[in-house]
Every structure is written in structure tokens, then in C-alpha cells.
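Breakdown of the fold
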Amino acid sequence: MGIIVKVDLCTGCESCVNECPFGAIEIKDDVAVIGDKCNLCGACVEACPVYAIEMTEEQAGAPAADLSAYQGLWIFAEQRVGKVAPVAYELLGEGRRLADALGTELSAVLMGAGLDAEAKALIEGGADRVYLVDDASLNEFHEDTYASVLSDLIEEYKPEIVLAGATSIGRAYIPMVATKVRTGLTADCTMLGVDLEKRMLLQTRPAFGGNIMATIVCPGHRPQMATIRPGVLKRAAADPARKGEVVKSVPRARLVSKSKLLEVIEEAGHSINISEAEVIVAGGRGMGGEKGFALLKDLADALGGVVGATRAAVDSGWMPYPHQIGQTGRTVSPKLYIACGISGAIQHLAGMQSSDVIVAINKDPNATIFNVADYGIVGDVFEVVPALIKKLRESRG
Amino acid sequence: MNIAVCVKQVPDASDVKIDKATGTMVRDGVPSILNPFDAYAVEEAIALKEKHGGNVTALTMGPPQAAEVLRHVVAMGVDDVMLLSDRAFAGADTWATSYTLGLGLKRLDNLDLVICGKQAIDGDTAQVGPGVAVNLGLPFVAYVRKVIEVGGGKMKVERLIEDGYEVVEVELPAVITVVKEINSPRMPSLKGKMKAKKLEVAPLSAADLGAILENIGLPGSPTKVVKVFSPPPKGKRETLVGTPDEQVSALVDRLAGIKVI
């Protein structure tokens, strides 16, 4: 193990026991003992008031060859049906800031045919360069072909950092790329920073359902890779005067996927793209049934948003699974989240607490949801929600 | 159909409570369970075996006590298990975990399908399934919500995407990850429980797997956690009082004031 307890210094104060996210530390005979559950996160090292816990450095991963050969910050510009996803522009906004701090160039990787206008839009959104892999077989997403194209590009151009959206596409194939190019990848980050001296990307993400935050680095391998939750980074305003370069390439070999896309089925009625919605109106057990959710749909429509649901509501059959928000559903971070009749189970909070503004409406003043809310309304959802819809329609005139 | 399922032992999140004073998680006495997403993977594997014949093997990497989750899945109906356990595996990130599980999976002959849960609820990375696919050199399909049919060396599935579903056909052998919507995991049977009780789990070490030491555990992991902290307190926690009309007026004023609406 890479963490040692100095028995002569340890006072058995239990500070480390309380701090350990993995419950791996016990006090035996007044001394801390680190058990098998240890994940070497180092939380105990910082927690120890008497400096009795140390992380041994020689255990850390051996650095790869020449890190300085890797230059430039890349973002993966995901497209669906020829349209670049909003998260790509959020990545460009943050990427621009990080690239400028590091004194390096910002490039976007775009895959598919007929995307010249989208490439131009990426330059206007902040990219210095767009690597456009112009191949019609990339219009559709397939894990294997996307992974091989991006891995080949990384091996050829050696970027220092690669960022992608934590979308269903990004989270499906970016891990394959990181595995292939033998580097680290941090999933679903909500905050990025840089250590300028070491040129290290500081990747912060929630863990244990958002109960702790962890900052993760990739010291000895390049590129440093992360997927970023949609909606948490700010996009920059498009600048039509921005100049940049489009580097067109074709895949090294003819792309043949072992999977075939037969059909795309969009769900009727509700918009289910809740991951990228700016406003979400979510309901829980307190909505009582499908009628309650019809009310929420009216509120969502009045706000230009979409409807989400808790696990309890989905399990009761009131809303289909793609609307489920929380640990076993989707993770969202809209600008506005209105929680109606939701008590605030930890699994639900895990899926929505990175939202910008949270409003909670619940008749139980002690509901946990109020702890994470910016604005709380204690009241009956069947009175408050209709009043809110009415008020919103009035103010629109 | 020979199917392997990768499973993980995780702390039971439904038992996790928040200390209201400090805002941190209370972890004392939190029991370990089978990762909930893995239960869907196990169920799907058993259901496919019941339909097409064959064998289901469950693998896990973890400390010796992770044998408990293997007992649990045997009680559900899994045929064989493999425990990858060695102190040298400790501190593995998703890269090293994928590599290690890949070595275990390569020991299984004539594998048609590997099923993983979408993600584990302790790490929430969703990176090990795709990582395993690359280590095995197999095609991968993420977020499967339904297996439509299997036959002729292919499998047709529905997978969840942001705007709906895709129907995808993939050549076998393949690796898939599954979401909660795919099935309802069965309860362990009495017969299964008896089998699980008698189950002897012989752990495989790094040496047994022929693992390259630079690729496993902490030394094999490119990522390092440098800081763990409690999230900053969320929410202004302003309670809006009055009649429903007064409450919603106050709300609309505030939301308009911060330009959210």
C-alpha cells in the first residue's frame, strides 16, 4: 500500500476515520489501521492533525516517456444528425480559458461528412483549429469507429489535453480511447483548473452521489483526458470575425464498424433530452400520478423546459425511464431545476444538485430537498404549481 | 451462449445518511452490496442463458470479502465465478481495473458476450465496461435497454440515447453495458442460496493472471486523486412564505431578478 501510519505519532484521535470516504480506517489499540477498502485517495493524509499519515511517493505510477512532446488542448465536438451538440461550445468556452492560461492552442475534433458550416461555427466559438475527419460513415455514432479515429488522431498529433462532453456518446467511447492510448480519464467532471507549473489539468468531480468532491490529476501520461457534464461550463459568445484553420483528414483505413445502426426511435410526446435542457420541472411521489405529471408538463411548457422524475415516480409508471433523474437515471445540471413533491432522497440529489438554481415545492417543511434549494415553497403542489403557471402566463402577457 | 458478467461490491447508498450538522456522509456500519446496475447485468445474462442455453460466469476484482457478491449472484443463478484478488490490485483506477478484468475474461473459452452494469454507484465513472471491450478487442455497445434478438453470430439491441433509442445490431462476441430499464432482477432462489452457501471461491492473484505489474493497481493507474473535500454548501435556502399566490409572485420576482426566467 502507498499509505503508511507512523505508529509513534498516531494519537488515535479518529480524525482520519471520519474523513475516509471508503470507511477503510479503524482504530486498533489507539492507533489507526488502514484496511483493504483503502483506495489510496489521501484524504486521511490531509485530515491527520499530527502528520502521522504519509503517502509514499514511489508507489505512484511511472511517468510515460516525454510529456513535453504533447501540446495543445483538444475538445471533441460531438454531432448528432449533422448538428454540433451544445456541450461542444461549453467545452470551447472553458477550453479557451485553459488554453490561454497554458499558452497553447485550442482545437476541436469533428467527425462526419458535410460539416463545413459546423467547423466554421466551432472556430467562431473559440477554436484555433478544427480537425475535420470527413467521412460519411462517421455521420452515425459507433463506439468502435469513433474510438479508432480519435485514437489515431491523438497518436498522430499528440495533444496535451482532450476534453469531451459527458453525454451518452462521450461516455460510451471516450473511455475506449483512453484505454487504447494508455492514459488517464476522469468521468463527468463539474470543474476544471490547471496547475500551471506542472501543466497539470485539475479535474474535479463529484463522487459517492455528490457527497464528496474529488480532484484528480494524470501526472505521468498524456493526453490528460476528461469528460465534462453538460451545462456546467459557460460557452463563449460566438465571434464571426475569429479566424482559424480547418484541417481535413480522412481515416487511416476504411472504417468498418462491427455494429450497425438499424433505426432511431424518438420518444413521442415529451422531449426526453433532459441532459441538455436549461429548465427542468421534476416530480416525485408527491405528484400522486399521471395527472400530477400532466400539470408539470404545463409548467415545463410555460418555462420552455422539460419534465423529469424521481425513481419513485418512474417505478410507479407515471413517467418513462428516460426521464428519471438520479443515481440510477440521468445526471442533469440545468440553469433552473424545480422539484415538485420530491422529498430529496440522496440518490435523487446525486443527479441534480449541480443545477444552477434549485426551487423546491413540497408540503413537508422538513423534506431534505429544501437543504439544497435556493428557494423553498412549503405548500401543496396542486395549489402552488397552478398558481405558478398562471403567474408565468400573465407575465408573458 | 457463454456469457460473462463483471460485478462490483459497493457501499449501500440507500443506507448512506447525511450528517445534517457537518453535511458529510455517515459511513459507519454501511453494508456492502452488489452494485445495483450489475444486478440488471446478471439478470440479463441468466435470462439469455435460459433462452439460448450455455453458461454464465461472474467476475469481480476486489478484496477477499468481495466473494460475498459472487455468492449473491450464484444464488440468483450464475453458474461459475472468478474472484480477482491481490493486494497488488489495490488503488486501481478504471484503466488498471479494465486491464485486470480483461485478463480474467481472457481465461474464459468461447465467450459470446460480456455484460457490465452501466456504472458502479460508488465511482459513477461508467468507464470500465468500454475499457474491458478494448482490452478484449471486442465491439462495444453502451446503455442497452433491451436485447431484441440473438442469432447468427449477431445480437440486436435497443440502446438509450439523449433523444430516444437506437436499434443497433452488433457482431458477437461483444461487450455491452446495460441500464436499469432492461429488466427486473430476480430474487435469489432457495436452491441458489444452497449452492451459494457451499461455494468455494479461490481467488486468482496477479501472478495467476500473468499480469504485468506496471499495468495493475496504483502503479498501473494513470489517474491520481490529489484532493477529496466536502462540496460547498448548496442552496440559498430562502423560504418563500404567504398564500400560494404570494409565494409564486415572490418566486417569479427572484427568478426574474437573477435572469433565470
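No experiment lies behind these values; they were computed from the predicted model shown.

Take the sheet that holds strand β18 (residues 279-283) of chain A next. Taken in spatial order, the 6 strands line up as β19(A)-β18(A)-β20(A)-β21(A)-β22(A)-β14(B) in an open sheet, and their pairing is parallel. In this open sheet, the two edge strands, each paired with only one partner strand, are β19 (306-309) of chain A together with β14 (238-240) of chain B. Across the sheet, the mean angle separating the axes of adjacent strands is 20° when strand polarity is ignored. Sheet topology note: the strand β21 (residues 357-362) of chain A/strand β22 (residues 375-378) of chain A ladder contains 4 bridges and is parallel. Paired with A360 of chain A across the bridge in β22 of chain A is G376 of chain A.

Looking now at unusual backbone geometry. For the bond running from R222 of chain A to P223 of chain A, omega is -5°, close enough to zero to count as cis. Relative to the elements of secondary structure, P223 of chain A occurs in the loop between β14 (212-217) and β15 (224-228). Here L172 of chain B and P173 of chain B are connected by a cis peptide whose omega angle stands at 0°. For P173 of chain B, the location among the structural elements is in the loop between β11 (164-171) and β12 (174-178). Even without being a glycine, R199 of chain A presents a positive backbone phi close to 50°. Turning to its location among the elements, R199 of chain A is positioned in the loop between β12 (191-195) and β13 (200-207). For R199 of chain A, a count of 18 C-beta atoms within 10 Å corresponds to the partly exposed category. Phi at Y143 of chain B takes a positive value of approximately 55°, unusual for a residue other than glycine. By secondary structure assignment, the location of Y143 of chain B is in strand β9 (residues 140-151).

Here we come to the sheet that holds strand β10 (residues 154-161) of chain B. Read from one edge of the open sheet, 9 strands run β17(A)-β11(B)-β10(B)-β9(B)-β12(B)-β8(B)-β1(B)-β6(B)-β7(B), paired in mixed fashion. Edge positions in the sheet fall to β17 (259-266) of chain A together with β7 (80-84) of chain B, since each of these pairs with one other strand and no more. The sheet shows a mean angle of 30° between the axes of neighbouring strands, taken without regard to direction. In this sheet, strand β6 (residues 55-61) of chain B lies alongside strand β1 (residues 2-6) of chain B in parallel orientation, the contact comprising 5 bridges. Within β6 of chain B, the position partnered with A4 of chain B by the bridge is T57 of chain B. Here helix α6 (residues 168-180) of chain A sits on the sheet and contacts β9 and β10 of chain B; the angle it forms with β9 of chain B, its principal contact strand, is near 90°.

This part is about the domain arrangement of chain A. Its domain assignment divides chain A into domain 1 (3-59), domain 2 (67-249) and domain 3 (274-396). Here domain 1 of chain A and domain 2 of chain A have C-alpha centroids that lie 37 Å from each other.

Turning our attention to the packing of helix α3 (residues 94-106) of chain B against helix α4 (residues 128-136) of chain B. Residue and element names in this part refer to chain B. The interhelical angle for the contact between α3 and α4, taken along N-to-C directions, is 50°, at an axis separation of 8 Å. When the interaxial angle is binned, α3 and α4 end up oblique. In terms of crossing hand, the pair formed by α3 and α4 is right-handed. Seen from α3, the contacting residues are T94, W95, T97, S98, Y99, L101, G102, L105 and K106; seen from α4, they are V128, G131, V132, N135 and L136. Class assignment for the residues of the contact of α3 with α4 results in 7 nonpolar, 6 polar and 1 charged.

Our focus in this paragraph is the packing of helix α2 (residues 67-76) of chain B against helix α5 (residues 190-198) of chain B. Residues and elements named next belong to chain B. It is at 7 Å that the axes of α2 and α5 come closest, and there the two elements cross at 145°. As α2 runs across α5, the sense of the crossing is right-handed. When α2 is examined against α5, the residues R71, V74, A75 and M76 are found in contact with a partner set consisting of G192, K193, K195 and A196. Grouping the amino acids of the contact of α2 with α5 by side-chain chemistry returns 4 nonpolar, 1 polar and 3 charged.

A separate point is the pairing of β13 of chain A. All names here are of chain A. As paired strands, β12 and β13 are joined by 5 bridges and run antiparallel to one another. Looking at the pairing, V194 lines up with L201 of β13. The turn joining β12 and β13, which pair antiparallel and follow one another in sequence, is formed by 4 residues; a positive phi near 50° is taken by R199. In this structure, the hairpin formed by β13 and β14 is closed by a connection of 4 residues, where F208 is found at a positive phi of approximately 50°.

Looking at soluble globular proteins, one finds that nonpolar side chains tend to be buried together. Core analysis: the largest hydrophobic core is formed by 218 residues, its most contacted members being L122, A339 and C340 of chain A together with V5 and V42 of chain B. Sort the elements by how many residues they give to this core and helix α1 (residues 36-52) of chain B lands first, with 8 residues. In contact with C340 of chain A, not counting residues within four places along its chain, are V281, A282, G283, G286, M287, L296, I361, V381 and V385 of chain A.

Criteria and cut-off values
Residues numbered from 1 in each chain as written. Chains lettered and ligands numbered in written order. Predicted model: local features only at pLDDT ≥ 70, side-chain atom pairs only at ≥ 80, totals over all residues. Pairing = 2+ DSSP bridges. Helix = DSSP H or I, 4+ residues; strand = E, 2+ residues; numbered from the N terminus. Axes fitted to C-alpha atoms, helices over the stretch in contact; angles between N-to-C directions. Buried ≥ 20, exposed ≤ 12 C-beta atoms within 10 Å, placed from the backbone. Contact = placed C-beta atoms within 7 Å. Domains from an automatic or database assignment. Parallel < 35°, antiparallel > 145°, perpendicular 65-115°, else oblique. Left-handed = near helix turned anticlockwise from the far one by under 90°. Nonpolar A, V, L, I, M, F, W, Y, C, P; charged D, E, K, R; others polar. Core = buried A, V, L, I, M, F, W, Y, C linked by C-beta atoms within 7 Å.

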